[in-house]
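Letter by letter, the chains look like this.
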Amino acid sequence: MMERATKISLAAVIISAAGLAGIVAMDATANNTSGRGTKQAGGDASARLLADGRQIFRFDTFGDEAFWGDTLRLHQALAGAKNGGVGPGVSPRTAMAVGLKVDADALPEDLKQSIMAGKVNLDDPATTVALLRLDAVVGVKGLFDSSGNLKSMGVQCSLCHSTVDDSFAAGIGKRLDGWANRDLNVGQIISLAPNLTPFMALLGVDEATLRKVLASWGPGRFDALLDKDGKAFRPDGGQAGTVIPPAFGLAGVNLHTWTGMGSVPYWNAYVAVTEMHGSGTFIDKRLNDPTRYPVAARAGTSEVRNTPDLVTEKLPALHAYQLSLSAPKPPQGSFDAGAAERGKAVFAGRAQCATCHVPPLYTEPGDNLHAPSEIGIDSFQADRSPTQKYRTAPLAGLWTHQRPGFYHDGRFATLMDVVEHYNTTRQLALTDQEKRDLVEYLKSL
């Protein structure tokens, strides 16, 4: 009886969602009417740009379902054999265990009540399919045929750069755009795909080797240069991925990513075309280097021109929306306010942090790149970038992304570890109290 009630409830909410989509579409049409005053039109244009950017950030696949669904057939692994796919399928509980999040605002009220009452089977892949039909899985788009069967799937910017506030349950809540999803196990998700041949052919490796690489990243990490230089592991045998960075607090910040390969719109195009495998245009002739980037040179990644181009025209709105995302303030009581006030003076004075992390940007206004020797670490990740340097990362909102660690690869487990690193390499001779106060200040940003 419970199983039957669950199925009826899910079917009902899908119908409700379809009706809601129609209302939203009608509202969008109404908002596009003309005849407004010049001042209002200007304001409306800015608001529309941000609204378009949010829609793109949250829901646009740029046509990448042709890769993730049609080619890799990842949707079949999600659905499972009982739902027209292959294998056991992926239940909501398993999906959330690998870091996928559920948008509570996309769930109709009756489904929320059913979940709270324990009437929805969160161990059934059919429930995952139903959530995809509702557009409720953050960063994942399910495509369905006329019979309601899952026929393909794509991914969106929000997969890596959004999470939820857990306000409904763990892994289910309101979207937090721009927050790095440090729970997301990208490698494990990719490894579910029934067809990994495209990755194996690109990298020139067998399946066992590819799976070893994908398993090495762990939660919160991804290697966006593996498909350019083929460097799957560090010289010491460690994993070569970098932690997923936040996409908030970037207004006024020069260069993006840990090694400053380019600006925010550069990285948007880079990821949309070469990582998400969307249909678009991306050009960076620096990658046409068979010595430094043998995989990219062989694959022609330095100049990609797809038809149709579903990326380029969306870059302005996407950029505008990302720049509108302010770094979130830390929760009340999450740091010692008195210690943080003392730490502020240490930050600007004896610790010399403000020399590079210039408030209120907390990075350099202008050129914000540094040689590895300047920050006292190895050059492995820097050498993979055309810049061969590391960017001074902005610090605002630092409290939101403490896992799996700090710096580009998460090498420092705690903020105190970071402080100790600079205290040693720069011979600052900070007292224990100054170090503790500095940590509290960093937590307050």
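Scroll up to find the structure.
Predicted model, so just to flag it, every value in this text is computed and none were measured.

Attention shifts here to the overall build of the protein chain. Looking only at helices and strands, the protein chain features 20 helices and 12 strands. Expressed along its principal axes, the backbone C-alpha trace of the protein chain runs to roughly 70 × 55 × 50 Å. Across the 445 residues in the protein chain, those meeting the buried criterion constitute 51%. A fraction of 66% describes how many contacts in the protein chain between residues 6 or more apart in sequence connect residues 24 or more apart. Split by element, the accessible area of the protein chain, about 20,300 Å² in all, is 56% carbon and sulfur.

Turning our attention to the packing of aromatic side chains. Considering all chains together, one arrives at 16 aromatic pairs under this definition. The ring of Phe233 is capped by Lys212, whose NZ or CZ atom sits 5.7 Å from the centre of that ring.

For the rest of this paragraph, the subject is helix H6 (residues 109-116). If you check which residues of H6 are buried, you get Leu111, Lys112, Ser114 and Ile115. Buried residues along H6 cover an arc of 160 degrees about the axis, so they all sit on one side. Opposite the buried face of H6, at more than 90 degrees from it, the exposed residues are Glu109 and Met116. Backbone geometry just downstream of H6 places Gly118 in the positive-phi region, at approximately 75 degrees.

Right, let's talk about the pairing of strand E2 (residues 140-144) for a bit. As paired strands, E2 and strand E3 (residues 150-155) are joined by five bridges and run antiparallel to one another. Directly across from Gly142, in E3, lies its bridge partner Met153. Hairpin remark: E2 followed by E3, antiparallel, with five residues in the connecting loop; positive phi at Gly148, about 85 degrees.

The N-to-C vectors of helix H13 (residues 264-275) and helix H15 (residues 315-323) enclose an angle of 120 degrees; their axes lie 10 Å apart at closest approach. By the angle class used here, H13 and H15 are oblique. The crossing of H13 and H15 is right-handed. Within the contact between the two elements, H13 uses Val264, Pro265, Asn268 and Ala269 and H15 uses Leu315, Leu318, His319 and Gln322. In the contact of H13 with H15, the residues fall into five nonpolar, three polar and no charged.

This part is about the pattern of salt bridges. Evaluation of the coordinates by the stated rule reveals 25 salt bridges. Across the pair Arg411 and Asp378 runs a salt bridge, and its minimum N-O distance is 2.7 Å. Of the two residues, Arg411 sits in the loop between strand E12 (390-391) and helix H19 (415-425) while Asp378 sits in the loop between helix H17 (372-375) and helix H18 (380-384), which places them 33 residues apart along the sequence. Bridged by salt links that share partners, the residues Arg234, Asp236, Asp378, Asp409 and Arg411 form one connected network.

All told, the structure shown has five cavities of 30 Å³ or more when counted by the stated rule. Size it by volume and the second largest cavity reaches roughly 790 Å³. Surrounding the second largest cavity, 40 residues form its lining, His357, Ala393, Leu395, Tyr407 and Tyr422 being those nearest its centre. Going through the elements one at a time, E12, H19 and helix H20 (432-444) are the ones with two or more residues in the lining of the second largest cavity. Ranked by residue count, the leading element in the lining of the second largest cavity is H19, at five residues. Grouping the amino acids of the lining of the second largest cavity by side-chain chemistry returns 28 nonpolar, nine polar and three charged.

Core analysis: the largest hydrophobic core is formed by 78 residues, its most contacted members being Phe62, Trp68, Leu107, Phe199 and Tyr270. Excluding residues that lie within four positions of it along the chain, Phe199 makes contacts with Phe67, Trp68, Leu72, Ile190, Leu210 and His277. If you look at the next biggest cluster of nonpolar residues, it comprises 25 residues, including Ala351, Tyr362, Ala382 and Val419.

We now examine the side chain of His370. The residue His370 is located in strand E11 (residues 369-370) in this model. Taking the relative accessible area as the measure of exposure, His370 reaches 12% and is therefore buried. Polar side-chain contacts of His370 include one of 2.4 Å to the side chain of Glu364. Only 3.2 Å separates the side chain of His370 from the side chain of Thr392, close enough to count as a polar contact. Residues within four places of His370 in sequence aside, it is in contact with Cys356, Glu364, Lys389, Tyr390 and Thr392.

A few words on the side chain of Thr127. With respect to the helices and strands, Thr127 occurs in helix H7 (residues 125-133). With a relative accessible area of 4%, Thr127 lands in the buried category. One polar contact links the side chain of Thr127 to the main-chain carbonyl oxygen of Asn121, over a distance of 2.8 Å.

So, about unusual backbone geometry. Following Pro359, the chain continues into Pro360 via a peptide bond in cis, with omega recorded as 0 degrees. Considering the arrangement of structural elements, one finds Pro360 in the loop between helix H16 (337-348) and E11. Here Asp135, not a glycine, exhibits a phi torsion of approximately 55 degrees, which is positive. Along the polypeptide, Asp135 turns up in the loop between H7 and E2. Backbone geometry at Thr257 places phi at a positive 75 degrees, although glycine is not the residue there. Within the secondary structure, Thr257 is located in the loop between strand E8 (242-243) and H13.

Here is what the cut-offs are and how they apply
Residues numbered from 1 in each chain as written. Predicted model: local features only at pLDDT ≥ 70, side-chain atom pairs only at ≥ 80, totals over all residues. Heavy atoms only, no water. Helix = DSSP H or I, 4+ residues; strand = E, 2+ residues; numbered from the N terminus. Buried < 20%, exposed > 50% of the residue type's maximum accessible area, 1.4 Å probe, protein only. Contact = heavy atoms within 4.5 Å. Areas by Shrake-Rupley, 256 points an atom, 1.4 Å probe, with all protein chains shown as cover. Phe/Tyr/Trp six-rings, centres within 6.5 Å; stacked < 30°, edge-to-face > 60°. Lys NZ or Arg CZ within 6 Å of the ring centre and 35° of its normal. Arc of directions from axis to C-beta. Pairing = 2+ DSSP bridges. Axes fitted to C-alpha atoms, helices over the stretch in contact; angles between N-to-C directions. Parallel < 35°, antiparallel > 145°, perpendicular 65-115°, else oblique. Left-handed = near helix turned anticlockwise from the far one by under 90°. Nonpolar A, V, L, I, M, F, W, Y, C, P; charged D, E, K, R; others polar. Salt bridge = Lys/Arg side-chain N within 4 Å of Asp/Glu carboxyl O. 1 Å grid on protein atoms, 1.4 Å probe; cavity = no way out; pocket = protein on both sides within 12 Å on 5 of 7 lines; lining within 4 Å. Points joined across faces, edges and corners; volume = space filled by probe spheres on them. Core = buried A, V, L, I, M, F, W, Y, C linked by side-chain atoms within 4.5 Å. Polar contact = N/O pair within 3.5 Å; in protein donor to acceptor, adjacent residues only side chain to side chain.

Nothing here speaks to function; it is all geometry.
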